[in-house]
Amino acid sequence: MCGIVGLFAKHQAVEAALGAHLAGMLASMAGRGPDSAGFAVYGAHCPGVVKLTLRPPPGSDADALLARLGIPGSSILVRASHAVLSLPEHAEAQARAALAAVVPVVGVGRRMELYKEVGAPAEVAARFGLPAMSGSHGIGHTRMATESAVTTDGAHPFSTGPDQCLVHNGSLSNHNAVRRDLRRQGYGFATENDTEVAAVYLTARMHEGLSLGDALRACLRDLDGFYTFVVGTATGFAVLRDPIACKPAVLAETDRYVAFGTEYRALAGLPGIGAARVWEPEPATVYAWERGH
Amino acid sequence: MGAGTGDGVRLGARALTAAALIAATQAEPQVVDLDRVSVRDLNQALHALDRTSTTTRWRVLNPAGRHALAVGLDAAAEVEILGHAGYYCAGMNKSARVTVHGNAGTGVAENMMSGRVHVRGDASQSAGASAHGGLLLIDGNASARCGISPKGADIVVRGSVGHMSAFMAQAGTLVVLGNAGDGFGDSVYEAHLYVRGAVASLGTDCVETAMTEADRAELRDKLAAAGLTGEADVGEFRRYGSARTLYHFHIDNAAAYS
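Residues numbered from 1 in each chain as written. Chains lettered and ligands numbered in written order. Predicted model: local features only at pLDDT ≥ 70, side-chain atom pairs only at ≥ 80, totals over all residues.

1. Comments concerning the overall build of chain A
Move 1: The helix and strand tally for chain A stands at eight helices and 16 strands.
Move 2: Over its C-alpha trace chain A gives a radius of gyration of 18 Å, about what one expects of a compact globule, namely 19 Å for 293 residues.
Move 3: Its C-alpha atoms give chain A principal-axis dimensions of about 50 × 45 × 35 Å.
Move 4: By residue count, 48% of the 293 residues in chain A fall in the buried class. (Helix = DSSP H or I, 4+ residues; strand = E, 2+ residues; numbered from the N terminus. Rg over C-alpha atoms; globule rule 2.2 N^0.38 Å. Buried ≥ 20, exposed ≤ 12 C-beta atoms within 10 Å, placed from the backbone.)

Right under this line is the structure:
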């Protein structure tokens, strides 16, 4: 089970309503994943600023945290159990060192903010104020836990590189071997989750210089198991299904957006869907879209 | 197409009156708007139809990818679904004619017994799974495992079919006007498979067989039943079937598969 959704705007009207659309899509996939939900939204980028999505321990005082960091030009925005710390790019390393072992950093990027939590998808979306968010693209996940506990850490998306995030429907069978290889190459892991392995794998391939599309094509060679992936980067949005393609997937495209849903139900509420090109992505085929700016 | 659009009848099993049934037998179809009526109420109303009655016409609005639309019908109803359907649409169909004016999700017409299911768009995985009879016609493409384990239905796909189609196909026919994906006809029993385009690869124990005059006649009949006479020339197809090395075929049992 599990449901995944994604929306990539090609028009300003869709960007303005991105969060509202994504929230509706997540809610429609509640039946496939009722126990937790998460999403990443790629918003506007302020030049010179990097955003750290934090999950401060319950009861933390955000203003006190900001004061303790003492980084000029930084600000913090609290959204339920998460907080987005915006700071000058040059101070990222300093902030991360100060936060290490005190406040978990769940996502880093110039555009991306990442939220995930236990609870019904519509409730989780509302808690973080997703319907009011805007952005160029976003991806989301509704989870029905089968292999590990219902926890915030086990929820998707997983982000393992700047502005990179991944949602996954399926399960990987060789994740232990791939994790060992990546550890030897120096990559770290926060969980024992198979999806995190896929995320780190993509981060590693892109770090070597592969494009998002080529990194996904490499998955077909190195990852074994069931998967439908939807991946976001600062400017890109991509979809890949494994060669057996057991996990369902539907894509829709209009001149205003590209939308992904585990089922068509997730797309049924989008504007202009009646005239959209709707198709089932082919197995073992990378579909990728890139923004020009 | 949109006669009655937005005027969905407030329909529930409890509210289904004789008057509604009579209305449905008349020229104007009964309109059911799924933005206002639940799928369960739609299906219960269709199940309440008397199987001896004359054809009744139904038009379903705003399917929005909902699952299990028009399943388990057992009457000569004609159901038009205006939009994309979700999983298992027209499953277990008997006698009814169901048309999806859009795409259909996983398992359309699964376990169909008789009647006709027509998908005007594409069909997702496992179209016609395990179907015993009737005709499934897909105007677009069908994805993986089209016609998995059928037991007598006829499936006609005007586009192409995905990998592992006709897997363990026991009886009936699969006619593909386009191409077939990898592993076509894997572990096929005695279903008759006809493909006009290319087959990416054949599955275990599936082989191309000679096209006999009887095969040509059968294929001509299936195309005619699907309303495709003239769209495809019988001579362009190749015939595939079981090499009969994987299961214990015995000629004395041949009649069990026909």
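Text resumes after the structure shown.
2. A short note on the interface of chain B and chain A
How large an interface is tends to be reported as the accessible area lost when its parts come together.
Move 1: Between chain B and chain A, the residue contacts involve 13 residues of the former and 10 residues of the latter.
Move 2: Residues of the side of chain B that touches chain A, tallied by class, amount to two nonpolar, nine polar and two charged. (Contact = placed C-beta atoms within 7 Å. Nonpolar A, V, L, I, M, F, W, Y, C, P; charged D, E, K, R; others polar.)

3. A few points about the sheet that holds strand β3 (residues 49-54) of chain A
Residues and elements named next belong to chain A.
Move 1: Strand order in the open sheet formed by four strands is β4-β5-β3-β6, and the pairing between neighbours is antiparallel. Edge positions in the sheet fall to β4 (75-79) and β6 (105-109), since each has one partner strand and no second. The average angle at which neighbouring strand axes cross in this sheet is 20 degrees, direction not considered.
Move 2: Along the sheet, helix α4 (residues 92-99) contacts β3, β5 (82-88) and β6; its crossing angle with β5, the most-contacted strand, is approximately 145 degrees. (Pairing = 2+ DSSP bridges. Axes fitted to C-alpha atoms, helices over the stretch in contact; angles between N-to-C directions.)

4. Quick notes on helix α2 (residues 39-47) of chain B
All names here are of chain B.
Move 1: Along α2, the positions that sit buried rather than exposed are L42, A45 and L46. Considered in projection along α2, the buried side chains sweep an arc of 100 degrees and stay on one side of the axis.
Move 2: Here the buried face of α2 lies against β1 (30-33), β2 (56-61) and β3 (77-82). (Arc of directions from axis to C-beta.)

5. Quick word on the domain arrangement of chain A
Residue and element names in this part refer to chain A.
Move 1: With domains assigned, chain A is organised as domain 1 (3-43 + 120-290) and domain 2 (46-110).
Move 2: The distance between the C-alpha centroids of domain 1 and domain 2 comes to 24 Å.
Move 3: Each partner contributes to the interface: domain 1 provides nine residues, whereas domain 2 provides eight residues.
Move 4: Classifying every residue of the side of domain 1 that touches domain 2 by side-chain character gives five nonpolar, two polar and two charged. (Domains from an automatic or database assignment.)

6. Topic: the confidence of the model for chain B
Move 1: Summarising the model, chain B shows a mean pLDDT of 90, and 88% of its residues fall at 70 or more.
Move 2: Per-residue pLDDT stays below 50 along residues 1-19 of chain B; that stretch engages in 28 contacts with residues further than four places along the chain or on separate chains. (pLDDT = per-residue confidence, 0-100.)

7. Notes on helix α6 (residues 175-184) of chain A
All names here are of chain A.
Move 1: Buried within α6 are the following residues: H175, V178 and R179. Viewed along the axis of α6, the buried residues span an arc of 100 degrees, placing them on a single side of the element. In α6, the exposed positions angled more than 90 degrees off the buried face are occupied by N176, R180 and R184.
Move 2: Residues of α6 that are buried sit in contact with β10 (164-172), α7 (194-207) and α8 (212-222).
Move 3: Trailing α6 by a residue or two, G186 shows a phi angle of about 100 degrees, which is positive.

8. Comments concerning the sheet that holds strand β11 (residues 238-242) of chain B
All names here are of chain B.
Move 1: Spatially, β1-β2-β3-β4-β5-β6-β7-β8-β9-β11-β10 is the arrangement adopted by the 11 strands of the open sheet, whose pairing is mixed. The sheet terminates laterally at β1 and β10 (206-209), the two strands that pair on one side only. Put simply, the sheet's adjacent strands are angled 15 degrees from each other on average, direction ignored.
Move 2: Here strand β7 (residues 151-157) runs beside strand β8 (residues 171-176); their pairing, made up of five bridges, is parallel. Across the sheet, the residue bridging to I155 is L174, located in β8.
Move 3: Running over the sheet, helix α3 (residues 213-225) touches β6 (135-138), β7, β8, β9 (192-195) and β11 and is turned about 70 degrees from β8.

9. Details of the packing of α7 of chain A against α8 of chain A
Residues and elements named next belong to chain A.
Move 1: It is at 9 Å that the axes of α7 and α8 come closest, and there the two elements cross at 125 degrees. With respect to α8, the element α7 is oriented oblique. Here α7 runs over α8; the crossing is right-handed. Between α7 and α8, the contacting residues are Y201, L202, R205 and M206 on the first element and L212, A215, A218, C219 and D222 on the second.
Move 2: By residue class, the composition of the contact of α7 with α8 is seven nonpolar, no polar and two charged. (Parallel < 35°, antiparallel > 145°, perpendicular 65-115°, else oblique. Left-handed = near helix turned anticlockwise from the far one by under 90°.)

10. Structural notes on the environment of V5 of chain A
Residue and element names in this part refer to chain A.
Move 1: Along the chain, V5 turns up in strand β1 (residues 3-9).
Move 2: On the basis of neighbour counts, which here come to 30 C-beta atoms within 10 Å, the residue V5 falls in the buried class.
Move 3: Once the C-alpha coordinates of V5 and A252 are considered, the two residues, 247 residues apart in sequence, prove to be 11 Å apart.

11. Side note on unusual backbone geometry
Move 1: For the bond from H156 of chain A to P157 of chain A, the omega torsion is 0 degrees, close enough to zero to count as cis.
Move 2: As for its placement among the helices and strands, P157 of chain A is situated in the loop between β8 (137-143) and β9 (158-161).
Move 3: One non-glycine residue, A166 of chain B, lies in the positive phi region at around 60 degrees.
Move 4: Looking at the secondary structure, you find A166 of chain B in the loop between β7 and β8.
Move 5: Among the residues examined, A166 of chain B registers 35 C-beta atoms within 10 Å and is labelled buried.
Move 6: The backbone phi angle of S187 of chain B is positive, close to 55 degrees, even though this residue is not glycine.

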